[in-house]
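# Architecture at a glance
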Amino acid sequence: METVEDVRPRTAERPALPPLRVVALLLALVCAGIGAVGLATADRGIERRSTVVAGVPLEVARPAGTTGRLPGVVVAHGLAASRQLMRGFADTLARRGYAVELVDLAGHGASTARLPGTGDGTAADARLDRDLDVAVGHLRAMPWVDAARIGLLGHSMGAAAVLRYATAHPEIRATVSISQGPTSQAARPRNLLLLAGGLEFAGFRDGALGALRSAYPQARTGVTYGDPRAGTARRAVIVPGVEHVGVLFHPRTHREVATWFDGSLGGPAAGTPLEVGVRPVRRAGSAMLLHLAAVLGFGAIAPAVLRRLPAPGRERRRVPLPLALGIPAGAVLAAVPVMAVVPRGLLPLAVAAPVAGFFGVVGVLLLGTALLTGRIRVARHGGSAWAATIGAAVVLVALTVVSFAVPAQLGWAHAVPVGPRAWVLLPITACAAAFFGGIEALCGGYGRRAAIMIHAWIAAGALAGLGVAALVGAASSFILLVAPLLAALLVWQGVQAAALRAARAPAWLTAVVGGVLLAWPIAVTMPIT
């Protein structure tokens, strides 16, 4: 006899999300909300204006609603950075009563001008000096800026540039040099503050102390020497616990900078507390929260995008584990000397050609291994199935680009390709996709945990190979400075790859999405040369 329950219409039940995925999605929403609010309120109390003068992209920030003539500071970024990375100093100083001008130096950010060499040599010095001259002249011409009270701040390559400029222009009242390394320009600029991170390479720390002692031979860090009224003030500070980029966001760095300009340029009224406006990580930190939200949310979004793809065929045979772990090590060792022979000018971006070549060679060797062992199998689907797969790839690539580019543009890096960067994206993406395709070929047939282990092993090996190449001279030592960015991108791609494998995405789709994720930051940050 049928019961009431027996004759009720039956509906398909929607499978519940795994608990871990629910937690990740909730955390993603929280991070996205906090990050969005942080970026939306980052400019509170500050007026900004962007322009391009003589081909130099500039951005001026000043406290909102101020009257009278303000002291001015020009801020210059380092190699492979842009004005976005230095906005924390504009936030700090503008809230203290300064007019701050951020500049995209040649080859960086929104600038399409070529930077000779890789920022070294007389031609590069002349170009950087010209850009700083444009920036200083533009700031001085502002009706609400006191042209007699101008200071400079620079980081790394920008630090060397502002030191050189201040030496040639004694009307610059104060200079702050962050992580400039060894220099012979430190004896002459007026009122010079030198900063370096405690975890930076020894050359940066020694450079700060050496520059201080060029004026005061017995000087020690953390002590101010000379008289700012006479232009003879000197101070060097080693900021503890931070490296080459972290030094830009440490509160101690910003307090030292604010105090130095207050004493040299005549900043806010007496009694203003130092902590006012010192929020160096708010903007970049909010952007990082949006990046984290993208990483956490990808695992929930990808299955929804891929759910209409055809079911995979039979599981293919996996590459034996000794080969899956051993072949990548050999491929990395083989790719290191290749970096030494890749023409530096093959791509019009510094470092990009050797790095892309490295990933491309490793990828080709991994794919070749999988092909020779018969572990690569191309799925055969009909036209509608291929259309669905390509549509899913387009959606996931767009999601990945937006997840990186929008928070970066708002928070810490210029992320819109300009000039030759747009076409350079293609070869770098192809090389990166080959690398990630090789990883997927070796991970195929393994369970989730084993695949993650193999993926992590290969990514870590590649990062180590790049470090070895820089140490032995096969590639520019600048790779060591951008290694944290590459490591973060490889971790990000690893999380996405794991989510795509769990959703049964084709290996080529995972490779393409990962290739774009790695290529985009390289293409938009490396300087045009």
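Refer to the structure presented above.
Residues numbered from 1 in each chain as written. Predicted model: local features only at pLDDT ≥ 70, side-chain atom pairs only at ≥ 80, totals over all residues. Heavy atoms only, no water.

### So, the sheet that holds strand β4 (residues 99-103)
Across the sheet, which stays open at both edges, the eight strands sit in the order β1-β2-β4-β3-β5-β6-β7-β8 with mixed pairing between neighbours. The open sheet has two free edges, formed respectively by β1 (46-53) and β8 (234-239), since each of these has just one partner strand. Put simply, the sheet's adjacent strands are angled 20 degrees from each other on average, direction ignored. Here β1 pairs with strand β2 (residues 56-63) via eight bridges, running antiparallel. For E47, the partnering residue across the bridge sits in β2 and is R62. Contacts between helix α5 (residues 157-168) and the sheet are confined to β3 (70-76), β5 (145-155), β6 (174-178) and β7 (192-197), with β5 contributing the most and set at about 140 degrees to the helix. Packing of helix α6 (residues 202-213) onto the sheet brings it into contact with β7 and β8, and relative to β7 it is tilted by some 160 degrees. (Pairing = 2+ DSSP bridges. Helix = DSSP H or I, 4+ residues; strand = E, 2+ residues; numbered from the N terminus. Axes fitted to C-alpha atoms, helices over the stretch in contact; angles between N-to-C directions. Contact = heavy atoms within 4.5 Å.)

### As for the packing of helix α3 (residues 87-94) against helix α7 (residues 251-266)
In a packed pair of helices, the relevant descriptors are the angle between the two axes and the axis-to-axis distance. Viewed as axis vectors pointing N to C, α3 and α7 meet at an angle of 50 degrees, and their least axial separation amounts to 10 Å. Between α3 and α7, the interaxial angle falls into the category oblique. Our pair here, α3 against α7, has a crossing hand that is right-handed. Between α3 and α7, the contacting residues are G88, F89, T92 and L93 on the first element and T253, H254, V257, A258 and F261 on the second. (Parallel < 35°, antiparallel > 145°, perpendicular 65-115°, else oblique. Left-handed = near helix turned anticlockwise from the far one by under 90°.)

### Overview of empty space enclosed by the protein
Throughout the structure, instances matching the rule amount to two cavities of 30 Å³ or more. In this model, the largest cavity occupies a volume close to 60 Å³. Around the largest cavity sit V351, A352, V355, I479, V482, L485, L486, I522 and M526, which together line it. Secondary-structure elements contributing two or more residues to the lining of the largest cavity are α10 (352-372) and α14 (478-502). Here the element with the most residues in the lining of the largest cavity is α14; it accounts for four residues. Residues that form the lining of the largest cavity fall into these classes: nine nonpolar, no polar and no charged. Considering only enclosed or pocket space, the second largest cavity measures out at about 30 Å³ in volume. What lines the second largest cavity is A42, D91, R95, R279, R282 and R283. For the lining of the second largest cavity, the residue count by class is one nonpolar, no polar and five charged. (1 Å grid on protein atoms, 1.4 Å probe; cavity = no way out; pocket = protein on both sides within 12 Å on 5 of 7 lines; lining within 4 Å. Points joined across faces, edges and corners; volume = space filled by probe spheres on them. Nonpolar A, V, L, I, M, F, W, Y, C, P; charged D, E, K, R; others polar.)

### Quick notes on the nonpolar core
Counting residues in each nonpolar core, the largest one holds 143 residues, and the members touching the most others are L153, F261 and F358. A per-element tally of this core places helix α15 (residues 507-525) first, with 11 residues. Discounting residues that sit within four places of it in the chain, F261 has contacts with V73, L93, Y98, G151, L152, L153, A174, V176, G266 and G267. The next biggest cluster of nonpolar side chains, apart from the first, holds 10 residues, and it includes A196, A208, A211 and Y225. (Core = buried A, V, L, I, M, F, W, Y, C linked by side-chain atoms within 4.5 Å. Buried < 20%, exposed > 50% of the residue type's maximum accessible area, 1.4 Å probe, protein only.)

### Some remarks on the state of the cysteines
If you walk through the whole model with that rule in mind, you get zero disulfides. In this structure C443 is a free cysteine whose sulfur lies 20 Å from that of C431, the closest cysteine sulfur available. Relative accessible area serves as the criterion here: at 2%, C443 is assigned to the buried category. (Disulfide = S-S within 2.5 Å.)

### Structural notes on the pattern of salt bridges
The full count for this structure, using the stated rule, is 20 salt bridges. The closest approach of N and O atoms between R48 and D43, which form a salt bridge, is 2.7 Å. Classification of R48 by relative accessible area gives partly exposed; the value is 24%. Of the charged contacts, one joins D227 and R229 as a salt bridge, the two residues approaching to 3.3 Å between their closest N and O atoms. Take D227: its relative accessible area is 26%, and that puts it in the partly exposed class. Linked through salt bridges whose partners overlap, the residues forming this network are D43, R48, E59, R83, R87, D91, D104 and R283. (Salt bridge = Lys/Arg side-chain N within 4 Å of Asp/Glu carboxyl O.)

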